[in-house]
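Reading the structure
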Amino acid sequence: MTTQTSPRPLTGRVAVITGASSGIGEASAEHLAELGARVAVLARRADRLDDLVARIDKAGGQALALAVDVTDAAAVRTAADRVAAELGDADLLFNNAGVMLPAPIEELATDQWQRQIDLNITGLMNAIAAFTSQLVRAAAERGVADLINTSSIAAQNIFPNFAVYSATKAYVTHLSRHLRVELGPKKVRVSAIEPGIVGTELQNHVTDQGALEWLEGSKQTLEWLTPQDIAQTIGFLASLPPRANLQQVTIMPTGQPS
Ligand code: NDP
């Protein structure tokens, strides 16, 4: 007996992707649209989102650009209202916007600590607050919905000078496990994706010299993941039968030890 898989398994679904103006979010928006989902793309850079929507439209998909700062709870709620009105209730939230600013703790880079906490934790929670009711409603109507949160291997592993970033990602992973237990019975699957190093703009924001040197060294010695590798993983998660929930996915560059 052979099984046939649809080339567009997400047809009829509505996906919201935060941090979609570059890197993992951008690639995932394009891929989820290729798989048939209508996508709403959120980030601050409107021009980048407009280019992305134009590319998705050209490829035959449907996309909605929503320029929002996810640390602004009211703005995210307004965006959620627009998604429901223009695309229908979201049944997939890829909660992905994040920033990584490593520095030795004794430097007291308190503004960078706060930026990471504001975006990686509060921004993530703002999206959960704005979209959970849509996910639950959509799951009741359509039989499945997905909340996929972007964590990191930093949630599990210990890296000197990455304490604050790693702690924000430990929050994301632990939160996801708890939400899975709460929302699973309502047919909302909850997953945490924990990538190793992916070549994106994330590394461009790093200012700490030691971390920059470590990143440059790793680039010379191993092949980093691409945003498309993560996008494919997100597409796979969302295309599984509704009974199957990958709760935590660690994806590493093959050559990255930890
Ligand atoms: P990028 O820097 O390329 O993407 C980050 C995205 O977040 C951008 O689209 C950015 O858009 C958006 N963003 C930043 N601030 C805000 C804000 N206040 N409101 C809304 N959107 C915002 O990096 P990645 O694609 O690598 O990062 C995506 C996620 O993956 C992050 O959570 C990161 O921690 C995680 N990750 C990345 C790894 C890597 O090695 N690259 C490894 C493990 C996890 P804009 O500036 O337009 O707002």
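Further up the page is the structure itself.
Structural notes, computed from the coordinates. (Residues numbered from 1 in each chain as written. Predicted model: local features only at pLDDT ≥ 70, side-chain atom pairs only at ≥ 80, totals over all residues. Heavy atoms only, no water.)

**A short note on the packing of aromatic side chains**
- This structure, assessed with the given rule, holds 3 aromatic pairs.
- Seen in terms of ring centroids, Phe159 and Trp214 are 6.3 Å apart; in terms of plane orientation they differ by 55°. Their pairing is tilted. With Phe159 in the loop between strand E5 (145-150) and helix H5 (163-183) and Trp214 in helix H6 (residues 209-221), this residue pair connects regions lying 55 residues apart in the sequence.
- The class of Trp214 is partly exposed, set by a relative accessible area of 40%.
- Within the aromatic cluster, the residues linked to one another by ring pairs are Phe159, Phe162 and Trp214. (Phe/Tyr/Trp six-rings, centres within 6.5 Å; stacked < 30°, edge-to-face > 60°. Helix = DSSP H or I, 4+ residues; strand = E, 2+ residues; numbered from the N terminus. Buried < 20%, exposed > 50% of the residue type's maximum accessible area, 1.4 Å probe, protein only.)

**Here we look at the site of the ligand**
- Close to the ligand lie 30 residues; Ser21, Ser22, Arg44, Tyr165 and Thr200 are nearest.
- Arg44 has a polar side-chain atom sitting 2.8 Å from an oxygen atom of the ligand.
- Residue Arg45 places a side-chain N or O atom 2.8 Å away from an oxygen atom belonging to the ligand.
- Isolated, the ligand exposes 880 Å² of accessible area, and the fraction of that covered by the protein chains is 94%.
- Going through the elements one at a time, helix H1 (23-34) and H5 are the ones with two or more residues in the shell around the ligand.
- Residues of the shell around the ligand, tallied by class, amount to 12 nonpolar, 13 polar and 5 charged. (Near = heavy atom within 4 Å. Polar contact = N/O pair within 3.5 Å; in protein donor to acceptor, adjacent residues only side chain to side chain. Areas by Shrake-Rupley, 256 points an atom, 1.4 Å probe, with all protein chains shown as cover. Nonpolar A, V, L, I, M, F, W, Y, C, P; charged D, E, K, R; others polar.)

**A look at the side chain of Arg189**
- You can see Arg189 is positioned in strand E6 (residues 188-195).
- Polar side-chain contacts of Arg189 include one of 3.1 Å to the backbone oxygen of Ala238.
- Separated by 3.0 Å, the side chain of Arg189 and the backbone oxygen of Leu240 make a polar contact.

**Brief notes about H5**
- Taking 1.5 Å as the rise per residue, H5 with 21 residues should run 30 Å; its terminal C-alpha atoms sit 30 Å apart, in good agreement.
- Listing the buried residues of H5 in full gives Val164, Tyr165, Ser166, Thr168, Lys169, Val172, Thr173, Leu175, Ser176, Leu179 and Leu183. (Expected span 1.5 Å × (residues − 1).)

**Comments concerning unusual backbone geometry**
- Phi is positive for Leu108, close to 50°, though the residue is something other than glycine.
- Secondary-structure assignment places Leu108 in the loop between strand E4 (92-95) and helix H4 (110-142).
- Overall, Leu108 belongs to the exposed group, its relative accessible area being 56%.
- In this structure, Asn161 takes a positive phi of about 80° despite not being glycine.
- Relative to the helices and strands, Asn161 resides in the loop between E5 and H5.

**Comments concerning the sheet that holds strand E1 (residues 14-18)**
- With parallel pairing, 7 strands are arranged side by side in an open sheet as E3-E2-E1-E4-E5-E6-E7. This sheet does not close on itself; its edge strands, each paired only once, are strand E3 (63-67) and strand E7 (248-251). For this sheet the average axis-to-axis angle between neighbouring strands, irrespective of direction, equals 15°.
- With 3 bridges connecting them, E1 and E4 associate as parallel partners. Bridging across to E4, Ile17 finds its partner in Phe94.
- Packing of helix H2 (residues 46-58) onto the sheet brings it into contact with strand E2 (38-43) and E3, and relative to E3 it is tilted by some 180°. (Pairing = 2+ DSSP bridges. Axes fitted to C-alpha atoms, helices over the stretch in contact; angles between N-to-C directions. Contact = heavy atoms within 4.5 Å.)

**Topic: the nonpolar core**
- Grouped together as the largest cluster of nonpolar side chains are 34 residues, with contacts concentrated most on Val16, Ala40, Val83, Phe131 and Leu147.
- Here the element with the most residues in this core is H4; it accounts for 8 residues.
- Residues in contact with Leu147, not counting those within four places in the same chain, are Leu93, Ile128, Leu135, Leu179, Leu183, Val188, Arg189, Val190 and Ser191.
- The next biggest cluster of nonpolar side chains, apart from the first, holds 30 residues, and it includes Ile17, Ile24, Val53 and Ile234. (Core = buried A, V, L, I, M, F, W, Y, C linked by side-chain atoms within 4.5 Å.)

**Comments concerning the packing of H4 against H5**
- Between H4 and H5, the shortest axis-to-axis distance is 9 Å and the interhelical angle comes to 15°. Judged on the interaxial angle alone, H5 and H4 are roughly parallel. Considering only the axes of H4 and H5, their crossing is right-handed. Two secondary-structure elements touch here, H4 through Trp113, Gln116, Ile117, Asn120, Ile121, Leu124, Met125, Ile128, Thr132 and Val136 and H5 through Val164, Tyr165, Thr168, Lys169, Tyr171, Val172, Leu175, Leu179 and Leu183.
- When the residues that make up the contact of H4 with H5 are grouped by side-chain class, the tally is 14 nonpolar, 4 polar and 1 charged. (Parallel < 35°, antiparallel > 145°, perpendicular 65-115°, else oblique. Left-handed = near helix turned anticlockwise from the far one by under 90°.)

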